[in-house]
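Listed here are the chains, written in short residue letters.
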Amino acid sequence: MNKISQITRQNIFDFIQVEGFWYAGRLEESNFLSRMFDLENMVSKDDRFPNAAGDIWQHRVNNYDWEDDWIFNDDRFNLLNCDDSKFLDFLCEMIHPLVRADKSEVSKLVQIFNDNLTDDNFEIVEKTRISNKPIFVGRIKINGKESIEKKGNEIKKILNADYVSQQINLMESSIENSPHISIGLAKELIETSCKSIFDERQEEYDKNWDLPKLMKETTKLLKLTPDDIPNEAKAASSIKQILGSLSSVVQGIGEVRNEYGSGHGKDGKFKGLQPRHAKLAVGAASTLAIYLLETHELKK
């Protein structure tokens with residue numbers, strides 16, 4: 001049963017037409033539709049032609065007597081009722097770099113798609129790149145994605161480095177389609193945060209330290225170890241328990257990365273983790289990184 005409603009689909013088509021976007025982009029309609037549909041084996045609505053390819057040519061090229069929005073109402077393509085996956089594929093083809101070269105048009109269409117799809121809990125996201133051009137995919141929205149992105153933005157503001165922004169963007173965008181990459185980058189984010197703190201404080205660290213050791217020395221540098229909390233402090237035992245758990249979080253992320261992340265080769269029987277596991281690792285790493293960096297800022 002489809003989860004993307006007819007209302008959502010019709011709204012998207014209405015927006016496309018109102019904004020003046022041509023669904024086939026720079027391709028001929030038949031060429032665009034052939035990327036998803038077998039026109040040669042689809043029925044014709046004109047008995048002079050054996051298939052859909054023939055009647056599309058007749059009425060959109062030769063006579064040009066079909067309305068420009070014919071595709072949205074043609075029951076052969078059934079875009080208002082087809083499977084969610086087929087509908088999302090249609091939207092993604094509209095913004096494929098072979099179809100549409102204008103970056104501003106692509107951005108606007110992605111915004112239109114996602115503004116309407118969000119009520120049905122779907123989204124269009126970048127999956128990969130070809131010749132540095134984005135290739136999009138439709139998917140069910142990841143719960144908690146906004147929270148993860150917010151954390152990423154906070155880290156970018158503090159570190160303010162291009163490579164960190166690229167690292168966070170890749171970590172966030174890989175959760176769904178490449179969880180192992182996100183897990184590997186979650187570990188690297190903690191490493192980057194810790195090393196940045198040492199560098200800004202003009203303190204030296206040993207490049208041979210593993211992640212747990214690096215984390216331990218960072219907490220010492222920031223005076224965040226349980227021993228630094230006086231017993232008379234309010235909620236001292238709870239604070240000490242949380243601080244003591246930091247090493248466990250780091251140890252866990254490091255071990256998960258070693259077993260399932262992107263840093264090591266796998267054998268042919270390897271089975272990766274699910275996106276929800278990657279989300280857990282990314283969320284934990286982001287929260288920890290923010291905590292360390294904000295503490296560093298406060299104690300400068």
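All of these numbers come straight from a predicted model, not from anything done at the bench.

Definitions and cut-offs
- Numbering of residues starts from 1 in every chain and runs along the sequence as written.
- Reporting in this predicted model follows two pLDDT cut-offs: at least 70 for local features of residues, and 80 or more for side-chain atom pairs to be given and counted; totals over whole chains, interfaces and linings ignore these cut-offs and use all residues.
- Hydrogen atoms and water are omitted, and side-chain values are computed over all heavy atoms in the structure.
- The numbering of helices and of strands both runs from the N terminus, where a helix is a DSSP run of H or I of at least 4 residues and a strand a run of E of at least 2.
- The cut-offs for exposure are 20% and 50% of the maximum accessible area for each residue type, with area from a 1.4 Å probe on protein chains only; residues under the lower value are buried, those over the upper are exposed, and the others partly exposed.
- Any pair of residues with heavy atoms lying within 4.5 Å of one another is described as a contacting pair.
- Method for areas: the Shrake-Rupley scheme with a 1.4 Å probe, in which residue coverage is limited to the protein chains shown.
- What counts as an axis is a line fitted to C-alpha atoms, over the stretch in contact for a helix, and the angles between N-to-C directions run from 0 to 180 degrees.
- Between 65 and 115 degrees an angle is taken as roughly perpendicular, under 35 as roughly parallel, over 145 as roughly antiparallel, and anywhere else as oblique.
- Here a cavity is any set of points on a 1 Å grid over the protein atoms alone where a 1.4 Å probe fits but cannot get out, and a pocket is any open set with protein on both sides within 12 Å along at least 5 of 7 lines; a residue lines the site when it has an atom within 4 Å of a point.
- Grid points are joined across faces, edges and corners, and a volume is the space filled by probe spheres set on the points.
- When residues are sorted by character, Ala, Val, Leu, Ile, Met, Phe, Trp, Tyr, Cys and Pro go into the nonpolar class, Asp, Glu, Lys and Arg into the charged class, and all the rest, Gly among them, into the polar class.
- Crossing handedness: left-handed means the near helix sits turned counterclockwise from the far one by under a right angle, and right-handed means the same turn made clockwise.

S.K.: So what's going on with the overall build of the protein? Which residues, and what values?
M.R.: For the protein, the helix and strand inventory stands at eleven helices and two strands. For the protein, the α and β elements follow one another from N to C terminus as α-α-α-α-α-β-β-α-α-α-α-α-α. Split into buried and exposed, the 300 residues of the protein put 43% on the buried side. Sequence-distant contacts in the protein: of pairs separated by 6 or more residues, those separated by 24 or more amount to 59%. Accessible surface for the protein amounts to roughly 16,800 Å². Of this, 47% is attributable to carbon and sulfur atoms.

S.K.: Go over the packing of helix H8 (residues 179-200) against helix H11 (residues 275-298), please, and point to the residues and values.
M.R.: At a closest axis distance of 8 Å, the pairing of H8 and H11 adopts a crossing angle of 10°. When the axes of H8 and H11 are compared, the pair comes out roughly parallel. The segment H8 lies against H11, with Pro179, Ser182, Ile183, Ala186, Leu189, Ile190, Ser193, Cys194, Ile197 and Glu200 engaging Pro275, Ala278, Ala281, Val282, Ala285, Ser286, Leu288, Ala289, Leu292, Leu293, His296 and Glu297.

S.K.: Account for the layout of surface pockets, naming residues and giving values.
M.R.: Of the volumes computed, that of the largest pocket is approximately 280 Å³. Contributing to the lining of the largest pocket are 16 residues, with Lys103, Val106, Arg129, Pro134 and Phe136 lying nearest its centre. Tallying contributions element by element places helix H5 (residues 103-117) first for the lining of the largest pocket, with four residues. Grouping the amino acids of the lining of the largest pocket by side-chain chemistry returns seven nonpolar, three polar and six charged.

S.K.: Pulling in residues and values, what's your account of the packing of helix H4 (residues 84-94) against H5?
M.R.: Contact geometry of H4 with H5 gives a least axis separation of 10 Å together with a crossing angle of 160°. Classified by the angle their axes make, H4 and H5 are roughly antiparallel. Note that H4 runs across H5; the crossing there is left-handed. The segment H4 lies against H5, with Phe87, Leu88, Leu91 and Met94 engaging Leu109, Phe113 and Leu117. Of the residues contributing to the contact of H4 with H5, the split by class is seven nonpolar, no polar and no charged.

No statement about biological role is implied by the geometric values presented.
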